[in-house]
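Summary of structural features
Residues per chain, in single letters:
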Amino acid sequence: MATSLPVITGNAIGGVQTMPPIQDLVIRRASLHDAADVHRILISAFAPFEEEYTRLAYAATVLSPAEIVERMAEGPIWVAASSNSTIGTASAVVSKKELYLRSVAVLPEFAGNGVARRMLKHVENFAARKECERIRLSTTRFLFAAHRLYCRCGYRQVDDESEDLFGTPLVGMEKGI
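A brief structural summary. All values derive from a computational prediction rather than experimental measurement.

Take the overall build of the protein next. Each helix and strand counted, the protein has five helices and nine strands in total. For the protein, the succession of helices and strands along the chain, N to C, is β-α-α-α-β-β-β-α-β-α-β-β-β-β. For the protein, the residues scored as buried account for 52% of the 177 residues in total. Of the contacts formed within the protein by residues at least 6 apart in sequence, a portion of 71% connects residues at least 24 apart.

Here is the structure:
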C-alpha cells in the first residue's frame, strides 16, 4: 500500500509501561472538531523522526487538519483524552474482512503509560465487532518503539521491505483476530 501510514507509539522504550497508567483515559471516535488536535499529535509524535523519512513520506504521515477530515470519510479515527486534553490518536480503514491500521500516535510526554497499548486494544475490539479476520499495518525499521510494541501485542512481520511510502521502506505486520 504505497500511501499507507507508518505507525508510531511515541514510546521510546518499546511499549513497556514505565509510568502509572492514566486512570481517566477515554478513547472515542474523533469528530471534525478534533482534526487540529490529531494534527498536533502527529507532528509531536513524528517530528523526532522527520529526517528518516523522505519529504513526501513525512507529509503523508503528518497530515494537515483538512487531510484528517478527508480521512474521517474513509475510516474511523479515534482520539485518546485525559483530563480534557487529547493525547493520542489512531486511525484505520476496514476492507472486507481486514482492518488496516493507518496510524497510532501518542504525545511524547505521555509515552510509557500504556496509552498506545490501550488504543491498540480499542482498535482490535473494533475490528472484532466488524468481524474482521485480521489487522494489518505498516511501520518502518526506524520506529523501534512502535515495532517492539506491535511484536509484544502479538503482531508478526509478514513481508520484506519491498513496500515503501514515497521512498521510505515499510515493514508489513499483521495479527489474526
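In this section: the packing of aromatic side chains. Geometrically, a pair of aromatic rings is defined through the distance of the ring centres and the angle of the planes. Counted under the stated rule, the structure contains six aromatic pairs. Seen from their ring centres, Tyr53 and Phe142 are 5.0 Å apart, and the 90° between their planes marks the pair as edge-to-face. Placement of the pair is Tyr53 in the loop between α1 (35–46) and α2 (55–61) and Phe142 in the loop between β5 (134–139) and α5 (144–152), with a sequence separation of 89 residues. Judged by its relative accessible area of 7%, Tyr53 is buried. Judged by relative accessible area, which is 13%, Phe142 ranks as buried.

As a packed pair, α1 and helix α3 (residues 65–74) sit with axes 8 Å apart at the nearest point and diverge in direction by 110°. The pairing of α1 with α3 is recorded here as roughly perpendicular in orientation. As for how α1 packs across α3, the hand of that crossing is right-handed. Across the interface between the two elements, Ala35, Ala36, Val38, His39 and Leu42 from α1 touch Pro65, Ile68 and Val69 from α3. Of the residues that constitute the contact of α1 with α3, the class distribution is seven nonpolar, one polar and no charged.

With 52 residues, the main nonpolar core has Phe46, Leu99, Leu101 and Tyr150 as its most contacted residues. No other element matches the seven residues that helix α4 (residues 115–129) contributes to this core.

Along the chain, Val158 falls in the loop between β6 (156–157) and β7 (164–165). Classification of Val158 by relative accessible area gives partly exposed; the value is 30%. Between the C-alpha atoms of Val158 and Gly172, which are 14 residues apart in sequence, the distance is 5.6 Å.

Taking 1.5 Å per residue as the helical rise, α1 with its twelve residues ought to reach 16 Å, and the 16 Å between its terminal C-alpha atoms agrees with that figure. Residues Ala35, Val38, Ile41, Leu42, Ala45 and Phe46 constitute the buried set of α1. On an axial view of α1, the arc spanned by its buried residues comes to 120°, and they lie on one face. Packing partners of the buried residues in α1 comprise α2, α3, β2 (77–82), β3 (85–95) and β4 (98–106).

Here we come to the sheet that holds β6. One open sheet accounts for seven strands, arranged β1-β2-β3-β4-β5-β9-β6; its pairing is mixed. The outermost strands of the open sheet, each flanked by one partner alone, are β1 (26–29) and β6. As defined by bridge partners, β2 adjoins β3 across six bridges and the pair is classed as antiparallel. Bridging from a neighbouring strand, Ala81 pairs with Thr86 of β3. Taken strand by strand, α3 contacts β2, β3 and β4, and its axis lies near 115° from that of β2. In the packing of α4 onto the sheet, contacts are made with β1, β2, β3, β4, β5 and β9 (171–176), and the angle to β4 comes to roughly 160°.

Thresholds, definitions, all that
Residues numbered from 1 in each chain as written. Predicted model: local features only at pLDDT ≥ 70, side-chain atom pairs only at ≥ 80, totals over all residues. Heavy atoms only, no water. Helix = DSSP H or I, 4+ residues; strand = E, 2+ residues; numbered from the N terminus. Buried < 20%, exposed > 50% of the residue type's maximum accessible area, 1.4 Å probe, protein only. Contact = heavy atoms within 4.5 Å. Phe/Tyr/Trp six-rings, centres within 6.5 Å; stacked < 30°, edge-to-face > 60°. Axes fitted to C-alpha atoms, helices over the stretch in contact; angles between N-to-C directions. Parallel < 35°, antiparallel > 145°, perpendicular 65-115°, else oblique. Left-handed = near helix turned anticlockwise from the far one by under 90°. Nonpolar A, V, L, I, M, F, W, Y, C, P; charged D, E, K, R; others polar. Core = buried A, V, L, I, M, F, W, Y, C linked by side-chain atoms within 4.5 Å. Expected span 1.5 Å × (residues − 1). Arc of directions from axis to C-beta. Pairing = 2+ DSSP bridges.

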